[in-house]
Amino acid sequence: MLVVSRKVGERIMIGSNITLTILEIRGGSIKLGCEAPADVPILREEVARKQRNGVDARGKLGAALRCGPAVIGSAISSSSFG
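Remember, it's a predicted structure, so these values are computed and weren't measured experimentally.

Any chance you could explain the confidence of the model for the protein chain here in plain terms?
A low pLDDT score tells you not to read the predicted coordinates there in detail. Summing up the model confidence of the protein chain, the mean pLDDT is 76 and the portion of residues at 70 or higher is 66%. Overall, residues 61–82 carries pLDDT values under 50, and its contacts beyond four positions in sequence, including any with other chains, amount to 54 contacts.

Okay, here's the thing in structure tokens:
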């Protein structure tokens, strides 16, 4: 696992077509922006786990969410980096 320190506004590149941007840091969480091609699924771990089991976050059968070129914000607990 690669562990990096970033400040608000700084980015992390994954390959040549995925960019993670630190949008906000508040208390024990961060807001993370993701830019990726539309065919790359971007999921929170708990949603991906449910989808692997054949259900979406609402408990129904569902397909993977897709992230387009727009920035999507997601609050992630800093304890996830433990």
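Sorry if this is basic, but what is going on with the pattern of salt bridges here?
For side chains bearing opposite charge, pairing can occur when the charged atoms are close. Under the definition given, this model contains 5 salt bridges. When the shortest N-O distance is used, the salt bridge between Arg6 and Glu10 registers 3.6 Å. Residue Arg6 is classed as partly exposed on the basis of its relative accessible area, which comes to 36%. Between Arg44 and Glu46 there is a salt bridge, with the nearest N and O atoms lying 2.7 Å from each other. Overall, the relative accessible area of 45% leaves Arg44 in the partly exposed class.

What counts as what
Residues numbered from 1 in each chain as written. Predicted model: local features only at pLDDT ≥ 70, side-chain atom pairs only at ≥ 80, totals over all residues. Heavy atoms only, no water. pLDDT = per-residue confidence, 0-100. Contact = heavy atoms within 4.5 Å. Salt bridge = Lys/Arg side-chain N within 4 Å of Asp/Glu carboxyl O. Buried < 20%, exposed > 50% of the residue type's maximum accessible area, 1.4 Å probe, protein only.

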